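So you can see what is in the structure, the chains are spelled out below.
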Amino acid sequence: MPPTLASLVHHSALKLTVRAGEERLATPVRWAHASELADPVPYMEGGELLLITALKLDAEDPEAMRRYVRRLGQAGVAGLGFAVGVHYATIPDALVDAAAEEGLPLLEVPRRTPFLAISKAVSAAISAEQYQAVTAGFAAQRDLTKQALSGGPAGLLAALAGQVDGWAALYDATGAVAASAPEWAARRAARLTPEVERLHARTPPASLVVGGEADRVELHTLGTSRRPRAALAVGTGAPLGTAERYAVHSAIALLTLTTERSRSLHEAELRVGAAVLRMLLAGEPEHARTAAGSLYGDLLDAPYRLIIAEEASATAARAHADGRTAPHGAPPPPAAAPHGAPRRPVDAPRPVAGERAVAAPVRAGEPPAGPLAALAEHVEAAAARAGEALLVVPDGERLVLLTADGGAAARACVGYAAALDQARTTGQAPAGRTDEPVMGLSAPAGPIAAATAYRQAEQALSVARRRGRALVEHEEVAAGSVVQLLSDDAVRAFADGLLRALREHDATGRGDLVASLRAWLSRHGQWDAAAAELGVHRHTLRYRMRRVEEILGRSLDDPDVRMELWLALKATSGTE
């Protein structure tokens, strides 16, 4: 505690006497300063004990003393010390009355007490207070370090809350509360999530103070990377003192070390995860379990779902490189792979036409970046809060997630995609934004069906691109109509080319071959039913079908030809 006027008055060696302002003796003293200027205020900072002999003051003029004392009070001077026996035998009544009227403490300094002694006493008290604060800070650091080693972040937060006589909370990279002390502080900390998200947008290290004097909260980023991986909140009922500030800084340092260590472990876990996924896709679940150990709990044994995420801009780039045009950057059909084996190694670069790379691939085990990093952090935070195992593997320009079926991570992924779709629908998404993730979600699978789940997720991802959605589940692909898959521009271009000759024939007014072909195919080649639908004789319809064969140079007896023509008609039905 800093020295106060009361502590100086009670200092036995100084022999100070209170002449006015007794009710304000608890005022802290920042320094003791002697000045004989008629107006020393321009050289004061506030909180000083001003020592005078009234060498240049008319201390017996009531009006002059009122102005002098009032100005000192407005400047925040803690008190006034008047040396008697130098220019005045006693303190003039005009000064005493002015000090009493202003409420400014006035101390009488006896002749035998030099101003230097008062300055030394104040300096010694300040030094003692600072030493006590530093000592308490070191003690707090030792306690926090002990708690961090034995109880982890939760133990550290509990110790910090006790040190500052308040509460503390830890936020993850998404701004969600990961831990708090005491437990009730979780509700208070959750209300600060918007401020934490705003803090994460700043360049670390960054801090923010919110609330008022009675509910003051400090927010600090944790970590040394460009994107903070965590944040610390400290709530108190008053501004922090020196000892409390030491404790907070120690907690920030310890949590930063924990965060950076966790990041290194996380990167190592990504490399292990890539190897485990390769083994699963190669049909070697037993080897995958051996390599994983206890890292993923029972995730590899229970039913799981596989999610493949990709930036929409990367998809569009590949489509352009292949010379195709698609509304949402649809990729080429996936190459067939033997059952139980992946199409390619998980960490292999994904080639495009002409062997040109669309973008520098991310190595397996290297943390994702950009929108995929935001998605990974969101899903990882959900899994951590639920105590759920999760396998995350950067795969080239993609992100592969293995989550428990029906678990918190899978729900978080679906919710993340729903928020993206809603933002697009309501126009809240930034204009021209093409780097948001697009995701495909497989059906539930077991350890021996990882390769099947991977293909299912790729198929769902392909449909999500074509439909312009953030996420599609494989169940939707399997349960929906195949006609919905014909919306790709490349499919429509093929259909237009296949039917162009027939439409050009119809444009000359020499018959309605397209409508006749549609009716005949829809009636499964039944001449009478199709002719009745068209309102023509069946011989007329037979003639038209022969003309179709002649113009296309293909036989309608071939089931593959009939299938292609029917799909072409369905693909272009909305453009006619």
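Residues numbered from 1 in each chain as written. Predicted model: local features only at pLDDT ≥ 70, side-chain atom pairs only at ≥ 80, totals over all residues. Heavy atoms only, no water.

1. Comments concerning the overall build of the chain
Counting its secondary structure elements, the chain contains 18 helices and 15 strands. Taking contacts inside the chain between residues at least 6 apart in sequence as the whole, the part at least 24 apart equals 64%. As presented, the chain carries roughly 27800 Å² of accessible surface, and 54% of it is formed by carbon and sulfur atoms. (Helix = DSSP H or I, 4+ residues; strand = E, 2+ residues; numbered from the N terminus. Contact = heavy atoms within 4.5 Å. Areas by Shrake-Rupley, 256 points an atom, 1.4 Å probe, with all protein chains shown as cover.)

2. Some remarks on the sheet that holds strand E7 (residues 177-181)
Sheet strands line up and pair through hydrogen bonds in the backbone, either parallel or antiparallel. Here five strands make up an open sheet; going across it, the order is E7-E6-E10-E9-E8 and the pairing antiparallel. Two strands in the sheet have a free side with no partner beyond their single neighbour: E7 and strand E8 (207-210). Recorded for the sheet is a direction-independent mean angle of 15 degrees between the axes of neighbouring strands. Bridge count between strand E6 (residues 167-171) and E7: four bridges; the pairing is antiparallel. (Pairing = 2+ DSSP bridges. Axes fitted to C-alpha atoms, helices over the stretch in contact; angles between N-to-C directions.)

3. Observations concerning the confidence of the model for the chain
Taken residue by residue, the chain gives an average pLDDT of 82. The fraction at 70 or more is 84%. Long-range and interchain partners of residues 319-365, a stretch whose pLDDT sits below 50, account for 96 contacts in this model, where long-range means more than four residues apart. (pLDDT = per-residue confidence, 0-100.)

4. Describing the environment of alanine 13
Topologically, alanine 13 is positioned in the loop between helix H1 (5-9) and strand E1 (17-20). Residue classification places alanine 13 among the exposed positions, given a relative accessible area of 53%. With 104 residues separating them in the primary sequence, alanine 13 and alanine 117 have C-alpha atoms 8.7 Å apart. (Buried < 20%, exposed > 50% of the residue type's maximum accessible area, 1.4 Å probe, protein only.)

5. Some details on the nonpolar core
By size, the foremost hydrophobic cluster in this structure holds 28 residues, and its most contacted members are Val276, Leu306 and Leu391. When residues of this core are traced back to their parent elements, those giving at least two are helix H7 (242-281), helix H8 (285-292), strand E11 (304-311), strand E12 (390-395), strand E13 (398-404) and helix H12 (450-467). With eight residues, H12 is the largest single contributor of residues to this core. Leaving out residues up to four positions away in the same chain, valine 276 has contacts with Ala288, Ala291, Ala292, Tyr296, Leu300 and Leu391. Among the nonpolar cores identified, the runner-up in size contains 26 residues, and Ala54, Ala59, Tyr68 and Ile91 belong to it. (Core = buried A, V, L, I, M, F, W, Y, C linked by side-chain atoms within 4.5 Å.)

6. A short note on the side chain of threonine 113
By the element assignment, threonine 113 lies in the loop between strand E5 (106-109) and helix H4 (115-164). Side-chain polar atoms of threonine 113 contact the backbone oxygen of leucine 14, separated by 2.9 Å. Sequence-distant contacts of threonine 113, that is, excluding residues within four places in its chain, are made with Ala13, Leu14, Lys15 and Ile118. (Polar contact = N/O pair within 3.5 Å; in protein donor to acceptor, adjacent residues only side chain to side chain.)

7. Let's talk about the sheet that holds strand E15 (residues 471-473)
Here we have five strands laid out as an open sheet, ordered E12-E13-E11-E14-E15, and mixed in their pairing. At either end of the open sheet lies a strand with only one pairing partner, and these are E12 and E15. Between one strand and the next, the sheet's axes are offset by a mean angle of 15 degrees, whatever the strand orientation. Where E12 and E13 come together, six bridges link them in antiparallel fashion. Within the sheet, the bridge partner assigned to valine 393 lies in E13 and is valine 400. Packing against the sheet, helix H11 (residues 408-425) makes contact with E11, E12, E13, strand E14 (437-441) and E15, and its axis sits at approximately 135 degrees to E14.

8. Thoughts on the packing of aromatic side chains
Applying the stated criterion to the full structure yields two aromatic pairs. Ring geometry for phenylalanine 82 and tyrosine 88: centres 6.1 Å apart, planes at 55 degrees, overall tilted. The buried category is assigned to phenylalanine 82, whose relative accessible area is 0%. Relative accessible area serves as the criterion here: at 17%, tyrosine 88 is assigned to the buried category. Ring geometry for tryptophan 520 versus tryptophan 527: centroids 5.4 Å apart, planes at 35 degrees, classification tilted. Of the residues examined, tryptophan 527 reaches a relative accessible area of 21% and is grouped as partly exposed. (Phe/Tyr/Trp six-rings, centres within 6.5 Å; stacked < 30°, edge-to-face > 60°.)

9. A closer look at the environment of glutamate 102
With respect to the helices and strands, glutamate 102 occurs in helix H3 (residues 93-102). Between the alpha carbons of glutamate 102 and glutamine 74 there is a distance of 9.8 Å; along the sequence they are 28 residues apart. Once residues lying within four places of it in the same chain are set aside, the contact partners of glutamate 102 are Arg24, Val69, Arg70 and Gly73.

10. A closer look at a negative patch on the surface
Together, Asp58, Glu60, Asp93, Asp97, Glu101 and Glu102 make up a region of like negative charge exposed at the surface. By the element assignment, aspartate 97 lies in helix H3. (Patch = residues over 30% accessible without salt bridge, like charges linked within 9 Å, V, L, I, M, F, W, Y side chains within 5 Å. Salt bridge = Lys/Arg side-chain N within 4 Å of Asp/Glu carboxyl O. Lys, Arg positive; Asp, Glu negative; His and termini not counted. Charge placed at Lys NZ, Arg CZ, Asp CG, Glu CD.)

11. Describing the packing of helix H2 (residues 62-74) against H3
One way to put it is that H2 packs onto H3 with a least axis distance of 8 Å and a crossing angle of 40 degrees. Looking at the two axes, H2 sits oblique to H3. Note on packing geometry: the crossing formed by H2 with H3 is right-handed. Facing Pro62, Met65, Arg66, Val69, Arg70 and Gly73 of H2, the residues of H3 in contact are Ala94, Leu95, Ala98, Ala99, Glu101 and Glu102. (Parallel < 35°, antiparallel > 145°, perpendicular 65-115°, else oblique. Left-handed = near helix turned anticlockwise from the far one by under 90°.)

12. Some words on the pairing of strand E10 (residues 230-236)
Among the seven residues that make up E10, seven are buried, leaving the element largely enclosed by the rest of the structure. Every second residue of E10 is oriented toward a common face, with Ala230, Leu232, Val234 and Thr236 on one face and Ala231, Ala233 and Gly235 on the other, all of them buried. The sheet contact formed by E6 and E10 spans five bridges and is antiparallel. Looking at the pairing, alanine 169 lines up with alanine 233 of E10. In the sheet, strand E9 (residues 216-222) pairs with E10 via seven bridges, with the strands oriented antiparallel. Bridge pairing in E10 places valine 217 opposite glycine 235.

13. Quick notes on the pairing of strand E4 (residues 79-83)
Along E4, five of the five residues are buried, which leaves the element largely enclosed by surrounding structure. Along E4, one buried face is formed by Gly79, Gly81 and Ala83 and the opposite face, lined by Leu80 and Phe82, is buried too. Note: strand E3 (residues 48-52) against E4, four bridges, orientation parallel. The residue bridging leucine 49 from the neighbouring strand is glycine 79, located in E4.

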